[in-house]
There are 2 protein chains.
Amino acid sequence: MKFETTYKDNNYPIILKQNALAELKHYLKENEQNIVLIDQDVYRYHKDYIKEHLGQLDIKYLTIMSGEACKQLSYFESISEKLLSLNITRQSQLIAIGGGATGDFVGFLASTLLRGLDFIQIPTTLLAHDSAIGGKVGINASVGKNLIGAFHRPQAVIYDLKFLDTLPHVEVRSGYGEIYKHAILNGEAEQHKLMDVYPSIKELVQLEDIASFLKMGIETKLKIVVEDEFEGGVRKHLNLGHTFGHGLEYLTKIAHGEAVMIGILFQKVINKNKSLYDNCDSIFIFINYLKELGYPLNIINQADIELIFDYMKKDKKNIGQTIQMVLQTGESSFTIESVSKDEVIKAFSELKALIND
Amino acid sequence: MKFETTYKDNNYPIILKQNALAELKHYLKENEQNIVLIDQDVYRYHKDYIKEHLGQLDIKYLTIMSGEACKQLSYFESISEKLLSLNITRQSQLIAIGGGATGDFVGFLASTLLRGLDFIQIPTTLLAHDSAIGGKVGINASVGKNLIGAFHRPQAVIYDLKFLDTLPHVEVRSGYGEIYKHAILNGEAEQHKLMDVYPSIKELVQLEDIASFLKMGIETKLKIVVEDEFEGGVRKHLNLGHTFGHGLEYLTKIAHGEAVMIGILFQKVINKNKSLYDNCDSIFIFINYLKELGYPLNIINQADIELIFDYMKKDKKNIGQTIQMVLQTGESSFTIESVSKDEVIKAFSELKALIND
């Protein structure tokens, strides 16, 4: 499968298939440096596969810290210095192979080194079907995730399904969180399809039919980011579940998409309390589904809502000192509304009671 | 005087006059945070003046390290954390008051915090008439200047001539380097005007008529950056004198514009050797002029051309491993050409002999 963005200019292709890695050769720059920065764990698991497809190409390799650990300024500094010592020029190209964090980190390097290099995203997780598209790149500040970053479009996204073979359960659940979010943005039917195909963790980890849902996720995301690249309006809807989710993730260190899924649940409670869309029944069904899939709902019992709330105050969607949350108003209609501290605390207690029920 | 950029969209005004600072109030954001980051030395010299014009406004202040010292990643990290701890949002606005380094640093903060904030440039040096315009922002890597950065347009440039009153001689010479470069880009007549009005350091430091030359410099720069924002073509001409200049600056720590002026001299020698434009006579005249103005030509005797050459290899204009220099081919025509190591070393020895003559 091949998609293409539909911006006015500087469009980029998204290739989604088994052995997509073999396509990389068509996107390398001739007579310039092409440098792969690869998550060290991905490299360990897939060394032979990567050699098979890329072994003959003129590419430099740099393994980098695995996962979120790379997204620190001190590490950014050390990898910057390494790249600069290779005498890269503005014509050089970086290639990120790894999960969402790797893509965020390498994309941020590409957006700032020499005031901007080209880069290619080769996502290796379910989650990264989301983060690799749309040009958001960045690293973490000590006070919060992704607070230092940029918008920087990749030259291509090459999504090789082969990499999904080695995903641990937690990574599958994490990626599924963003897929499910995209389904919500598409309406009820898409969610039911997902729940039918993946009724429990047993089916989910087999990832049967996942390509068709990744296609749905990518198409949903593409439509939105092309319409609103810099998040002035509708792109904010992609933050469904993220306002609470980011806080939970930051404080408890659970996986991003797991936190987003619990954030979606939290948003459903707020929705209900504001009489916007969800009701008690739909929330019960959703909680049971999350339990079937093994989402770590119990983390709610250990989380401190005061700290989560403080974190939510740093969300990039906020206006002045007011917390703004994406809420659902109809089957596929959404709004962004202010939510008070009282509302957050009330919903949190309710959520606790519901999951312990 | 008021200019306006002529991009397709997102244009910004440039105000150039005495007491321009009083105009800031028209560009503040209502009901949002406006945060001034000011060079601590500028604050010390101009505290009363700033209070007089801005004292009544709802602005937060942060003094930052003076000059180039702020352009380090570790300092970027510490100021980022300070700003984030103020719970800034994407609607917040940063305001840079200081020289070129301050503008580069604050602009880079603005380009990366929360993936992009608005910012205003209030340059306080002669040099910053250049750097405040065109949207280039950035910080230094340990291996070189401005190697980490972005293109990020300001919302306004407010150039208050009042700040020039306290400039030390070295800063006047430094800024004059960029003014002179803009004059070269405009042709011989403009250079003769400058040499007539400022025949020696005595006249130069009085800055008589400087507003009209700043106007010339700003207009020259504006024309070029609007035509080629991201330095794909003609904007590279603004790097006249910078390839050698940056190396000299980095290694000897002389002021940026002083190094650029010596870089222009170096380029004239290369020009002559390549039979492109300059000749021995014009080089002699230029050397004598630089001596009259007190440019530190003697630094050439202490500089190591091997190290400068290594640095030149990191220049952002380079293609592959070839050094590219802006050279002059006619009164106001320029080209970018490869220059070999031999040519650089030969020109350097010649330059040494010429200045010691």
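Note that the structure is a prediction, hence the values are computed from the model and not measured.

Cut-off values and rules
- Residues numbered from 1 in each chain as written.
- Chains lettered and ligands numbered in written order.
- Predicted model: local features only at pLDDT ≥ 70, side-chain atom pairs only at ≥ 80, totals over all residues.
- Helix = DSSP H or I, 4+ residues; strand = E, 2+ residues; numbered from the N terminus.
- Contact = placed C-beta atoms within 7 Å.
- Nonpolar A, V, L, I, M, F, W, Y, C, P; charged D, E, K, R; others polar.
- Expected span 1.5 Å × (residues − 1).
- Bend = angle between axes of the 7 residues up to and from the residue.
- Buried ≥ 20, exposed ≤ 12 C-beta atoms within 10 Å, placed from the backbone.
- Domains from an automatic or database assignment.
- Least-squares fit on C-alpha atoms with pLDDT ≥ 70 in both.
- pLDDT = per-residue confidence, 0-100.
- Pairing = 2+ DSSP bridges.
- Axes fitted to C-alpha atoms, helices over the stretch in contact; angles between N-to-C directions.
- Right-handed = clockwise from strand over helix to strand, strands pointing away.
- Core = buried A, V, L, I, M, F, W, Y, C linked by C-beta atoms within 7 Å.
- Parallel < 35°, antiparallel > 145°, perpendicular 65-115°, else oblique.
- Left-handed = near helix turned anticlockwise from the far one by under 90°.

### Some words on the overall build of chain A
Working step 1: Helices and strands together make up the secondary structure of chain A, namely 14 helices and 11 strands.
Working step 2: Projecting the C-alpha coordinates of chain A onto the three principal axes gives extents of approximately 60 × 45 × 40 Å.
Working step 3: Long-range contacts, defined here as pairs at least 24 residues apart, represent 73% of the contacts in chain A between residues at least 6 apart.

### Some points on the interface of chain B and chain A
Working step 1: Facing 36 residues of chain B, the contacting portion of chain A comprises 36 residues.
Working step 2: When contributions to the side of chain B that touches chain A are tallied by element, the ones reaching two or more residues are helix H2 (73-85), helix H3 (100-112), strand E7 (136-141) and strand E8 (144-151) of chain B.
Working step 3: In terms of residue class, the side of chain B that touches chain A is made up of 11 nonpolar, 16 polar and nine charged.

### With respect to helix H1 (residues 40-54) of chain B
An α-helical turn contains 3.6 residues, so any two residues separated by three or four positions project in the same direction.
Residue and element names in this part refer to chain B.
Working step 1: Over its 15 residues, H1 extends only 17 Å from the first C-alpha to the last, a length that falls short of the 21 Å expected when each residue adds 1.5 Å.
Working step 2: The largest bend in H1 is about 80 degrees, located at His46.
Working step 3: For H1, the elements touching its buried residues are strand E3 (34-39) and strand E5 (93-98).

### Structural notes on the environment of Thr243 of chain B
Residue and element names in this part refer to chain B.
Working step 1: Checked against the element boundaries, Thr243 lands in helix H9 (residues 242-252).
Working step 2: The exposure class assigned to Thr243 is buried, which follows from the 27 C-beta atoms found within 10 Å.
Working step 3: Setting aside anything within four residues of it in sequence, one finds Thr243 in contact with Gly263, Met312, Asp315, Ile323 and Met325.

### Brief notes about the domain arrangement of chain A
Residue and element names in this part refer to chain A.
Working step 1: By the assigned domains, chain A splits into domain 1 (2-165) and domain 2 (168-355).
Working step 2: Computed from C-alpha atoms alone, the centre-to-centre distance between domain 1 and domain 2 is 26 Å.
Working step 3: Taken together, the contact between domain 1 and domain 2 spans 21 residues of the former and 26 residues of the latter.
Working step 4: At the level of secondary structure, the elements contributing two or more residues to the side of domain 1 that touches domain 2 comprise strand E2 (13-17), helix H4 (128-131) and strand E8 (144-151).

### Here's the deal with the relation of the copies chain B and chain A
Working step 1: Structural alignment of chain B on chain A gives an RMSD of 0.0 Å, achieved by rotating through 180 degrees and translating 0.0 Å along the axis. Such a combination of rotation and displacement between the chain copies is what one expects of a two-fold axis.

### With respect to the confidence of the model for chain A
Interpreting fine coordinate detail is not advised for predicted regions of low pLDDT.
Working step 1: Confidence along chain A averages 95 in pLDDT terms, with 100% of residues attaining 70 or more.
Working step 2: We note a pTM of 0.93 for the whole complex and an ipTM of 0.91 for its interfaces.

### Remarks on unusual backbone geometry
Keep in mind that most residues, glycine aside, have a negative phi and that most peptide bonds are trans.
Working step 1: Backbone geometry at Leu114 of chain A places phi at a positive 55 degrees, although glycine is not the residue there.
Working step 2: Structurally, the position occupied by Leu114 of chain A is in the loop between helix H3 (100-112) and strand E6 (118-123).
Working step 3: Look at Leu114 of chain A and you get buried, because 25 C-beta atoms sit within 10 Å.
Working step 4: For Asn87 of chain B, which is not glycine, the phi torsion reads 55 degrees and is therefore positive.

### Side note on the pairing of E5 of chain B
Residues in a regular strand project their side chains so that they alternate between the two faces of the sheet.
All names here are of chain B.
Working step 1: Summarising burial for E5: six of the six residues are buried, a large majority.
Working step 2: Burial of the side chains of E5 extends over both faces: Gln93, Ile95 and Ile97 are buried on one face and Leu94, Ala96 and Gly98 on the other.
Working step 3: Summarising the sheet, E3 and E5 pair through five bridges and their orientation is parallel. From the neighbouring strand, Ile35 faces E5, where its bridge partner is Leu94.
Working step 4: In this structure, E5 lies alongside strand E6 (residues 118-123), joined through six bridges in parallel fashion. When the sheet's bridge partners are listed, Ala96 is paired in E6 with Gln121.

### Structural notes on helix H5 (residues 169-186) of chain A
Residues and elements named next belong to chain A.
Working step 1: Here H5 contains 18 residues, and its C-alpha end-to-end distance of 25 Å stays within 8% of the 26 Å for a straight helix at 1.5 Å per residue.
Working step 2: Of all 18 residues that make up H5, 15 are buried, and the element is covered over most of its length.
Working step 3: Residue Gly187 follows H5 closely and has a positive phi angle near 115 degrees.

### Description of the sheet that holds strand E2 (residues 13-17) of chain B
Note on sheets: strands pair through backbone hydrogen bonds, and any given pair is parallel or antiparallel.
All names here are of chain B.
Working step 1: The sheet built from seven strands is open, its strands ordered E1-E2-E9-E6-E5-E3-E4 with mixed pairing. The sheet is open, and its two edges are formed by strand E1 (2-4) and strand E4 (60-64), each paired on a single side. On average, adjacent strands in this sheet sit at an angle of 15 degrees to one another, irrespective of strand direction.
Working step 2: Pairing between E1 and E2: three bridges, direction antiparallel. Bridge assignment links Glu4 to a residue of E2, and that residue is Pro13.
Working step 3: Across the sheet, H3 is in contact with E3, E4, E5 and E6; its angle to E5 comes to roughly 170 degrees.

### Some words on the sheet that holds strand E3 (residues 34-39) of chain A
Residues and elements named next belong to chain A.
Working step 1: Strands sit in the order E1-E2-E9-E6-E5-E3-E4 across an open sheet of seven strands; the sheet is mixed. Looking at which strands have only one partner, the edges of the open sheet turn out to be strand E1 (2-4) and strand E4 (60-64). The average angle at which neighbouring strand axes cross in this sheet is 15 degrees, direction not considered.
Working step 2: The pairing of E6 with strand E9 (residues 156-160) spans two bridges and is parallel. By the bridge assignment, Ile120 is partnered in E9 with Ala156.
Working step 3: Contacts between H3 and the sheet are confined to E3, E4, strand E5 (93-98) and E6, with E5 contributing the most and set at about 170 degrees to the helix.
Working step 4: Docked against the sheet, helix H8 (residues 210-227) engages E1 and E2, running at close to 165 degrees with respect to E2.

### Observations concerning the pairing of E4 of chain B
All names here are of chain B.
Working step 1: Note that E3 and E4 share five bridges and pair parallel. Each residue of the ladder has a partner; that of Ile38, found in E4, is Thr63.
Working step 2: Between E3 and its parallel partner E4, the chain crosses via H1, and the hand of that crossover is right-handed.

### A short note on the nonpolar core
Working step 1: Judged by nonpolar contacts, the single largest core of 200 residues is most densely connected at Leu94 of chain A together with Leu94 and Ile95 of chain B.
Working step 2: Residues within four places of Ile95 of chain B in sequence aside, it is in contact with Asn34, Ile35, Val36, Leu37, Phe119, Ile120 and Ile122 of chain B.

### What to know about the packing of helix H10 (residues 256-273) of chain B against helix H14 (residues 341-355) of chain B
Residue and element names in this part refer to chain B.
Working step 1: Here H10 crosses H14 at 115 degrees, and the two axes come no closer than 9 Å. The orientation of H10 relative to H14 falls into the category roughly perpendicular. Of the two elements, H10 crosses H14, and the hand of that crossing is right-handed. Side by side, H10 and H14 meet where Leu265, Phe266, Val269, Ile270 and Asn273 of the first sit next to Glu343, Lys346, Ala347, Glu350 and Leu351 of the second.
Working step 2: Looking at the contact of H10 with H14 residue by residue, the class counts come to six nonpolar, one polar and three charged.

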